[in-house]
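# Residue-level structural notes
Single-letter residue listing:
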Amino acid sequence: MEPIIVVMLTACVITTLSAILSKSVGKEKEMNKWSGEIKRCSDLSSDAEKVGRRDIYTAFQKQGNEALHKYFAALYCEAVIEIFPHVLALGVLQKLYTQDVLHFGFSIWLFGPGIGFFGVYFVSALVFHFAVLKKLKKKLPILGTAK
């Protein structure tokens, strides 16, 4: 099979796997919980400031900062869960394809005579994610929020 087809199919499969893994292991519920806590603390600290209670304001600001820290920790875990299958796939592809996988037949100024596996993989994964998976997430419960 042609190297470009293998790289493109790998990008599509890994992107789908990443979406499924993110949905099953991800921290979306935890992020929603901490987001609500941040909003609650913000509202309560604003109310305390309006009333002139500096001690209560400071307590809610501290509590909100802790919730913000936990929110960003969950966000970081979510990003790692979504990225690591791609890193593994790119590591395997790096051993398989050392030459360009998309040859132009002529030289283009910024690209040269072709594009390597990384460029093809990156573009394929992005196009597949935004063109296919974003639409399927609304319909399939395994990929996202089904309605």
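Residues numbered from 1 in each chain as written. Predicted model: local features only at pLDDT ≥ 70, side-chain atom pairs only at ≥ 80, totals over all residues. Heavy atoms only, no water.

What follows deals with the packing of aromatic side chains. Enumeration over the complete set of coordinates arrives at two aromatic pairs. An angle of 70 degrees between the planes, with centres 5.6 Å apart, marks the rings of Tyr 71 and Phe 72 as edge-to-face. Judged by relative accessible area, Tyr 71 falls into the partly exposed class, the value being 22%. The exposure class assigned to Phe 72 is partly exposed, which follows from its relative accessible area of 46%. (Phe/Tyr/Trp six-rings, centres within 6.5 Å; stacked < 30°, edge-to-face > 60°. Buried < 20%, exposed > 50% of the residue type's maximum accessible area, 1.4 Å probe, protein only.)

Time to look at the side chain of Glu 78. With respect to the secondary-structure elements, Glu 78 resides in helix 3 (residues 54-96). With residues near it in sequence (within four places) discarded, Glu 78 still touches Ser 22, Gly 26, Lys 27, Glu 28 and Met 31. (Helix = DSSP H or I, 4+ residues; strand = E, 2+ residues; numbered from the N terminus. Contact = heavy atoms within 4.5 Å.)

Running from amino to carboxyl end, helix 1 (residues 3-25) crosses helix 4 (residues 117-136) at an angle of 50 degrees, the nearest separation of the two axes being 8 Å. With respect to helix 4, the element helix 1 is oriented oblique. Of the two possible hands of crossing, helix 1 and helix 4 adopt the one that is right-handed. Taking contact as the criterion, the partners of Ile 4, Val 7, Met 8, Thr 10, Ala 11, Cys 12, Ile 14, Thr 15, Thr 16 and Ala 19 in helix 1 are, on helix 4, Phe 117, Val 120, Tyr 121, Ser 124, Ala 125, Phe 128, His 129 and Leu 133. Looking at side-chain class alone, the contact of helix 1 with helix 4 contains 13 nonpolar, five polar and no charged residues. (Axes fitted to C-alpha atoms, helices over the stretch in contact; angles between N-to-C directions. Parallel < 35°, antiparallel > 145°, perpendicular 65-115°, else oblique. Left-handed = near helix turned anticlockwise from the far one by under 90°. Nonpolar A, V, L, I, M, F, W, Y, C, P; charged D, E, K, R; others polar.)

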